[in-house]
Amino acid sequence: MTEPRGPVDSSRVPRFAGPATFARLPRLDEVARADVAVVGVPFDAGVSYRPGARFGPAAVREASRLLRPYHPGLDVSPFATQQVADAGDIAVNPFDIGEAIETIQHAAGSLQADGTRLVTIGGDHTVALPLLRAAARRHGPVAVLHFDAHLDTWDTYFGAEHTHGTPFRRAVEEGILDTSALSHVGTRGPLYGKQDLTEDQKLGFGIVTSADVYRRGADEVADQLRQRIGDRPLYISIDIDCLDPAHAPGTGTPEAGGLTSRELLEILRGLAGCRLVGADVVEVAPAYDHAEITSVAASHVAYDLISLLALKENGERAEERLPAADGGRRP
Ligand SMILES: [Mn+2]
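Being a predicted model, the structure only gives us computed values, none of them experimental.

1. What about the environment of arginine 228?
Phase 1: Note on placement: arginine 228 falls in helix α7 (residues 218-229).
Phase 2: Arginine 228 gets classed as partly exposed once you look at its relative accessible area, which sits at 32%.
Phase 3: Sequence separation of arginine 228 and leucine 182 is 46 residues, and the distance between their C-alpha atoms is 8.4 Å.
Phase 4: Here the side chain of arginine 228 touches leucine 182 through a polar contact of 2.9 Å, landing on its backbone oxygen.

Written out as structure tokens, the structure reads:
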């Protein structure tokens, strides 16, 4: 295997210049194949409140320019031990949710046909359903870790089955999730009624509320989640509104009392060793953002997901080769 092609060298091209790909990585068509592909889904026709997540992928890519090649928390160089590439955006019909879902499922299936794992940048949360279908087609029913202020297991809204509030109920109904290992993390805020919780529980979800994370701490929460997940294939879906609006104002349905970006990143790092097969970061709506707070948080979250993918199931490096090009200290 040839050495992975990494990001543009920031000692030669400053970070504010160069390609607008995620972390200034090569495009997918510039490499023979990728172990991990970052793909955007600029789609927000499924939102129930503020629109604008269709501009999420571009904003997260822009905010990712400052990412550096070595992750000290996980002791891994995620762009050196595996080939990571930017697959661009999936072009979806903004006027037909059903067709958009089909397009996303097909595109995700093609992208991962040769074993490439996907980190998807949304887009509203509707996109999780076709991504879960594509993951389950390849790996069988998947465990799901769902970071979100909301349950996203509602049945319908204005009669619509496919919205950003329904993907996980549809996925359970379709039998593509391993219902023995489903968890929401960061849940909070008012619901329509107590039945929202009882129905969610019947679908198989456990809940770690935002308050639970505050009281128990990130390490204990991550340990508990890791035990529940075990060695099942794991899909992580991160709605950026799991973060408090102070940490992620640029999103469609904000709720007070959320996680800090530090708590989210520490929980993710505590999942090292899990069998991660795919992930998404969704609901970044840059028009409501300030000073790139939300898109910076989302880009770092995506970086941590890519770093987790660089770790083997037992927590060791995916490849034993040491990073060659990334050793230097660069701004
Ligand atoms: Mn959501």
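2. Examining the side chain of threonine 21
Phase 1: The residue threonine 21 is located in the segment before β1 (36-41) in this model.
Phase 2: Of the polar contacts made by the side chain of threonine 21, one reaches the backbone oxygen of leucine 25; its length is 2.5 Å.
Phase 3: For threonine 21, the contacting residues outside a window of four places in its chain are Arg27, Arg61, Ser64 and Asp86.

3. Structural notes on the coordination of the manganese ion
Phase 1: Only His125 (ND1), Asp148 (OD), Asp152 (OD) and Asp239 (OD) from the protein reach the manganese ion as donors, at distances of 2.1 to 2.3 Å.
Phase 2: Counting the intervening residues between successive donors of the manganese ion yields the motif H-x22-D-x3-D-x86-D. Of this pair, histidine 125 sits in the loop between β3 (117-122) and α3 (128-139) while aspartate 148 is found in the loop between β4 (142-147) and α4 (167-173), placing the two residues 23 residues apart along the sequence. Each member of the pair histidine 125 and aspartate 148 is classed as buried.

4. A closer look at the confidence of the model for the protein
Phase 1: Of the residues in the protein, 94% have a pLDDT of 70 or more, and the chain-wide mean is 94.
Phase 2: Note that pLDDT drops below 50 for residues 314-331; the model gives that stretch 36 contacts with residues more than four away or on any other chain.

5. Notes on the nonpolar core
Phase 1: Among the nonpolar cores identified, the biggest contains 54 residues, and Phe147, Ile236 and Leu268 are the most heavily contacted of them.
Phase 2: The greatest single-element share of this core, amounting to 9 residues, is contributed by helix α9 (residues 293-309).
Phase 3: Those residues in contact with phenylalanine 147, other than ones at most four positions away along the chain, are Val185, Ile236, Ser237, Ile238, Asp239, Cys242, Leu259, Leu264, Ile267 and Leu268.
Phase 4: Counting 33 residues, the second largest nonpolar core, distinct from the first, contains Ile90, Leu118, Ala134 and Ala136.

6. Let's talk about the packing of aromatic side chains
Phase 1: Per the stated rule, a full pass over the model turns up 4 aromatic pairs.
Phase 2: Measuring from ring centre to ring centre gives 5.8 Å for phenylalanine 79 and tyrosine 303, while their planes differ by 70°; the resulting arrangement is edge-to-face. Of this pair, phenylalanine 79 sits in the loop between α1 (56-63) and β2 (84-89) while tyrosine 303 sits in helix α9, placing them 224 residues apart in sequence. Here phenylalanine 79 and tyrosine 303 have matching classes, each one buried.
Phase 3: Each ring, one from phenylalanine 168 and one from phenylalanine 205, has its centre 6.3 Å from the other, and the planes form 80°; the classification is edge-to-face. Within this pair, whereas phenylalanine 168 is found in helix α4, its partner phenylalanine 205 is found in strand β6 (residues 205-209), the two being separated by 37 residues in sequence.

7. Some details on α7
Phase 1: With 12 residues, α7 should cover 16 Å at 1.5 Å per step; its first-to-last C-alpha distance of 16 Å lies within 8% of that length.
Phase 2: Looking at the buried side of α7, the elements it contacts are β4, β5 (177-187), β6, α6 (210-216), β7 (233-239) and α8 (261-269).
Phase 3: Immediately beyond the C-terminal end of α7, within one or two residues, lies glycine 230, with a positive phi of roughly 60°.

8. Examining the pattern of salt bridges
Phase 1: Taken as a whole and assessed by the stated rule, the structure comprises 19 salt bridges.
Phase 2: Ionic pairing is found between arginine 33 and aspartate 35, a salt bridge with its closest N-O pair at 3.0 Å.
Phase 3: On the basis of relative accessible area, arginine 33 is assigned to the partly exposed category, the value being 35%.
Phase 4: In this structure aspartate 35 comes out as buried when scored by relative accessible area, which is 17%.
Phase 5: With a closest N to O distance of 2.5 Å, arginine 169 and glutamate 199 form a salt bridge. One end of the pair, arginine 169, is in helix α4; the other, glutamate 199, is in helix α5 (residues 195-203), with 30 residues separating them in the sequence.
Phase 6: Note on glutamate 199: relative accessible area 32%, which makes it partly exposed.
Phase 7: Here the residues in one salt-bridge network are Arg27, Asp29 and Glu30, joined through shared partners.

What counts, and at which threshold
Residues numbered from 1 in each chain as written. Predicted model: local features only at pLDDT ≥ 70, side-chain atom pairs only at ≥ 80, totals over all residues. Heavy atoms only, no water. Helix = DSSP H or I, 4+ residues; strand = E, 2+ residues; numbered from the N terminus. Buried < 20%, exposed > 50% of the residue type's maximum accessible area, 1.4 Å probe, protein only. Polar contact = N/O pair within 3.5 Å; in protein donor to acceptor, adjacent residues only side chain to side chain. Contact = heavy atoms within 4.5 Å. Donors = N, O, S within 2.8 Å, 3.2 Å for Na, K, Ca; no water. pLDDT = per-residue confidence, 0-100. Core = buried A, V, L, I, M, F, W, Y, C linked by side-chain atoms within 4.5 Å. Phe/Tyr/Trp six-rings, centres within 6.5 Å; stacked < 30°, edge-to-face > 60°. Expected span 1.5 Å × (residues − 1). Salt bridge = Lys/Arg side-chain N within 4 Å of Asp/Glu carboxyl O.

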